[in-house]
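These are the residues of each chain, in order.
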Amino acid sequence: MHAPASEPLRRFIDVARGAGLRVSPAESIDAMRTAAVVGYADRDVLHDSLSLVMAKSAAEKRLFSDCFALYFRRDDFAADERPTPDDDGTEAGFGGGVGGEGGQGEGGGGSLANILLDNDRAGLAQAMEAAGQDSGLANIAFFTQTNLYTRRIMERMGVRAVEHEIEALRARNEAPADIRAGRLEAGREFLRDQVRDFVERHLALFARGATEKFREDMLKNARLSSLEKRDFERMRGIVRAMAKRLAASYARHRRKRNRGQLDVRRTIRRNMGWEGVPFITVWRQRKIEKPRVMVLCDVSGSVAAMSQFLLMFLYALNEALSDIRSFAFSGSLIEVSEVLERESTEIAIVKIMCMIGLGSSNYGNSFVDFEAGWMTKVDSKTTVIILGDGRGNRTDARADIVERISQRSKRLIWLNPEYRASWGSGDSDMLRYLPYCHVATVCNTLRHLETIVTDLLKDSH
């Protein structure tokens, strides 16, 4: 069964998305309509038309052109130096004499054997395309699958029958049969090289998106404290994308109306011009306030990596949060909101680390600083988030201040990068703080951060 006309374009859109091109569902529909109008006959016209629909910036147009050139490239099979049947008198009309079945070959090589002997490049290309589609080549994700798909495509093209025919011809021990077997063996090797090139081209097309997704999933689930520096830039991009997606989702929920409750009084007033007949209904809407957040981040050496990503995440969510006040502490506590608002998050975090970071933790002293300077700003609409391992180097824990923060705030959330088995061990005061936390959870990966911030936004609805 042939794929519908729109199927190649749908796969191309998937390829473009995997390469990093942002193509919305509406743009996909426009691309389908565009291809239906201009057709596929003129590749340049198709390229220019789809580029107008799918690529918005100069960078995206370059990316689009690269994907288009690679995807729609249909090279002929490379020149094959094997003699064609007409080049050698021994070969001319060979099939009937040896195969015994009108050119099908005694071993049952069938159509693939004939295509190889006739050096029919167009037929080979067509058969390879069909076999690639049947074998699910678009699902290739890793270079280690290259040999698997090469063999799978060759088998769907009928290479087993060709191999059986070669064995049968060799078994005859006759000169004409040996000649035919040699030509089929050369054709099989030639076909293997061409199929492998075909698979590698599809790997470059389809695996990029899958590989990036696999890498992104690994980074989301990796402990932030063990990240290598080379992954930091990629992680920043992931954080920004996650925050943008959460902010968009939150805004969408805020716009939803509470359609289940009719506001009778406003409906009657709205329809006074129609003598009270309710042509226009007015529904009650619930006011949803953006969360107010105060973040206290331990920036001592053990938690510094986690803190910078939490701050980056929250400040990327500025559209969804009405007010963020940020504090950094190690031996003492300072407010860093102005630095984060004035500078880009990456630069601000470097400055914060220079100001107060990477020292020894003193939670008790830091909580005293917070109570003296900012406790009056905490009210019943404020969510307080503390990010730290709770290890105060055996100083006074001042759990009484944490209790007062909990009583004044809407919620107190403690994010601890250590696993629960370590809470309370050694110099950890986490078990002293635990009774006063509305939520206390392990948080040491981006996946944990995403879940916690998602819950924070949901609870504001």
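Overview of the structure. (Residues numbered from 1 in each chain as written. Predicted model: local features only at pLDDT ≥ 70, side-chain atom pairs only at ≥ 80, totals over all residues. Heavy atoms only, no water.)

1. Overview of the environment of E343
Link 1 in the chain: One can find E343 in the loop between α14 (337-342) and α15 (345-356).
Link 2 in the chain: The exposure class assigned to E343 is partly exposed, which follows from its relative accessible area of 22%.
Link 3 in the chain: Apart from residues no more than four positions distant in its own chain, E343 is found in contact with A348 and K351.
Link 4 in the chain: Of the polar contacts made by the side chain of E343, one reaches the side chain of K351; its length is 2.7 Å. (Helix = DSSP H or I, 4+ residues; strand = E, 2+ residues; numbered from the N terminus. Buried < 20%, exposed > 50% of the residue type's maximum accessible area, 1.4 Å probe, protein only. Contact = heavy atoms within 4.5 Å. Polar contact = N/O pair within 3.5 Å; in protein donor to acceptor, adjacent residues only side chain to side chain.)

2. Quick look at unusual backbone geometry
Link 1 in the chain: Its identity as a non-glycine residue notwithstanding, N173 has a phi of 55 degrees, on the positive side.
Link 2 in the chain: Counting through the fold element by element, N173 comes out in the loop between α9 (159-172) and α10 (175-220).
Link 3 in the chain: A positive phi angle, close to 60 degrees, is found at R394, a residue other than glycine.
Link 4 in the chain: Residue R394 is classed as exposed on the basis of its relative accessible area of 66%.

3. Details of helix α13 (residues 304-316)
Link 1 in the chain: The end-to-end C-alpha separation of α13 is 18 Å, in line with the 18 Å expected for 13 residues at 1.5 Å each.
Link 2 in the chain: Taking burial as the measure, the 13 residues of α13 include 12 buried ones, the bulk of the element.
Link 3 in the chain: Taken together, the buried positions of α13 are occupied by A304, A305, M306, S307, Q308, F309, L310, L311, M312, F313, L314 and Y315. (Expected span 1.5 Å × (residues − 1).)

By themselves these figures say nothing about function.
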